Amino acid sequence: MPLPVLALLLLLLAARPGAALPGQDGPGEPAEGPEEAAGSADFLSRQLQSLSELVSRELPPQLRPQELRAQAGLYLERANKQLEPLARELQNNVLGLFSSLLGLRRAETPETP
């Protein structure tokens, strides 16, 4: 559970102990009448609305890194597919260049028995 959600739930419980457990009064509190029960319901509905707004704000930023990782993976796959033939061609050209340089060097130097 994300930390802001947990903190909000703890704040809910600490703010109004009677609202957290229906049917039980907080310590030293008289039983609730119909008006106080309606006030508790309003308080609880406001807190649940705040919780849903918090979750809707906090959840999308947490999903974005996963989405970015997936997009980066697709980009790397496409880049590898495009660059792999070029890398092979470059490797072959470099190997050909070095082998021709070595061949020229061998041709210039006389072999000593």
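Since this is a predicted model, take the numbers as computed values, not measurements. (Residues numbered from 1 in each chain as written. Predicted model: local features only at pLDDT ≥ 70, side-chain atom pairs only at ≥ 80, totals over all residues. Heavy atoms only, no water.)

### Considering the overall build of the chain
Put simply, the test is: Secondary structure elements are defined from DSSP: runs of H or I of at least 4 residues count as helices, runs of E of at least 2 residues count as strands, and each element is numbered from the N terminus. With a 1.4 Å probe rolled over the protein chains alone, any residue whose accessible area is under 20% of its type maximum counts as buried; one over 50% counts as exposed, and the rest are partly exposed.
Counting secondary structure elements, the chain contains three helices and zero strands. Counting over 113 residues, the chain shows a buried share of 11%.

### What about the pattern of salt bridges?
To be explicit about the condition: By definition, a salt bridge exists where a carboxyl oxygen of Asp or Glu is found within 4 Å of a side-chain nitrogen of Lys or Arg.
Scanning all chains against the criterion turns up one salt bridge. One salt bridge connects Glu-84 with Arg-88, and the closest N-O pair in it is separated by 2.5 Å. Residue Glu-84 and its partner Arg-88 are located together in helix H3 (residues 34–108), separated by four residues, close to a single helical turn. A relative accessible area of 39% means that Glu-84 is categorised as partly exposed.

### Some points on a nonpolar patch on the surface
Let me state the cut-off plainly: Excluding any residue in a salt bridge, patches collect residues exceeding 30% relative accessible area, merging like charges within 9 Å and nonpolar Val, Leu, Ile, Met, Phe, Trp and Tyr side chains within 5 Å. Surface accessibility in these figures is a Shrake-Rupley result with a 1.4 Å probe; residues are shielded only by whichever protein chains are displayed.
On the surface, Leu-90, Val-94, Leu-97, Phe-98, Leu-101 and Leu-104 cluster together into a nonpolar patch covering about 570 Å² of accessible area. Locating Leu-104 in the fold gives a position in helix H3.

### Regarding the confidence of the model for the chain
To keep it simple, the criterion reads: Per residue, pLDDT measures the predictor's confidence, with a range of 0 to 100.
Residues of the chain with pLDDT of at least 70 account for 60%, and the chain-wide mean is 75. Ranking the elements of the chain by mean pLDDT puts helix H2 (residues 17–20) last, at 50, and H3 first, at 84.

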